[in-house]
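# Chain and residue survey
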Amino acid sequence: MKTPSLWIMAAAFFIAPVSVVHARSAYDGSWDLNFVTQTGTCDPAYNFTVNISDGVVTHPNLVKFKGYVAKSGSVRASVTVHDKFASGTGRLSGTSGRGRWNGSAAGTRCSGYWTAQRN
């Protein structure tokens, strides 16, 4: 069963603690994310925007979300929404980025890649 909320989770996972940055980061600002499913029955793609402030990644509609960008540009994220979970890693560089994600929802697993573009 396809579930858009898994994509919201996947989007959020885009970043989880690599190292917490407490000062203004070179990656602060608004970023457009594109998630593509390569395996599993999740939706084929999902797009949304996140904000990075002091190296912390946020999305206004995600409560259980942890996302961070290290000074090196390494990113990790994880998100949980009800019985759904997703996490991912990658790297930002200048005005773009890319990485991998994995998730599960009600026993179904999905995975793929993500890309990012600074707004």
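Residues numbered from 1 in each chain as written. Predicted model: local features only at pLDDT ≥ 70, side-chain atom pairs only at ≥ 80, totals over all residues. Heavy atoms only, no water.

### Overview of the overall build of the protein
What counts here: Strands are runs of DSSP state E lasting at least two residues, helices are runs of H or I lasting at least four, and both sets are numbered from the N terminus onward. Whether a residue is buried, partly exposed or exposed follows from its accessible area with a 1.4 Å probe, protein chains only, as a fraction of its type maximum: under 20%, in between, or over 50%, in that order. By definition, residues are in contact when any of their heavy atoms lie within 4.5 Å. Per-residue accessibility takes into account occlusion by the displayed protein chains alone, with areas from the Shrake-Rupley method and a 1.4 Å probe.
A count of helices and strands for the protein gives one helix and eight strands. Reading the secondary structure of the protein in the N-to-C direction produces α-β-β-β-β-β-β-β-β. Scored against the burial criterion, the 119 residues of the protein give a buried share of 46%. Taking the intrachain contacts of the protein between residues at least 6 apart in sequence as the baseline, contacts between residues at least 24 apart amount to 55%. When the accessible surface of the protein is split by element, carbon and sulfur atoms take 52% of a total near 6000 Å².

### Brief notes about the packing of aromatic side chains
Here is the rule: Only Phe, Tyr and Trp rings take part, Trp by its six-membered ring, and two of them pair if their centres are within 6.5 Å. Stacked means planes under 30 degrees apart, edge-to-face means over 60, and tilted covers everything else.
For the structure on display, the rule yields one aromatic pair. Both rings, one in Phe35 and one in Phe48, keep their centres 5.5 Å apart while their planes meet at 5°; by these two values the pair is stacked. Remark: Phe48 occurs in strand β2 (residues 45-53) and Phe35 occurs in strand β1 (residues 29-39); sequence separation between them is 13 residues. Side by side, Phe35 and Phe48 carry an identical accessibility label, which is buried.

### Topic: the pairing of strand β8 (residues 108-118)
This is how it is decided: Two strands pair under a simple rule: DSSP has to find at least two bridges between them.
The sheet contact formed by β1 and β8 spans eight bridges and is antiparallel. Across the sheet, residue Phe35 finds its bridge partner in β8, namely Trp114. Two strands pair when backbone bridges link them, and strand β7 (residues 96-105) and β8 are joined in this way by 10 bridges, in the antiparallel orientation. What sits directly across from Gly99, in β8, is Trp114. The turn linking β7 back onto β8 is made up of two residues, and Ala106 within it adopts a positive phi angle of 50°.

### Overview of the confidence of the model for the protein
Keep this limit in mind: Confidence of the predictor in every single residue is expressed as pLDDT, which spans 0 to 100.
Confidence in the prediction of the protein, expressed as mean pLDDT, is 82, and 80% of residues score 70 or more. When pLDDT is averaged over each helix and strand of the protein, the minimum, 52, is found for helix α1 (residues 4-13) and the maximum, 95, for β8. Note that residues 15-22 has pLDDT below 50 and, in this model, 34 contacts with residues that lie over four places away or in other chains.

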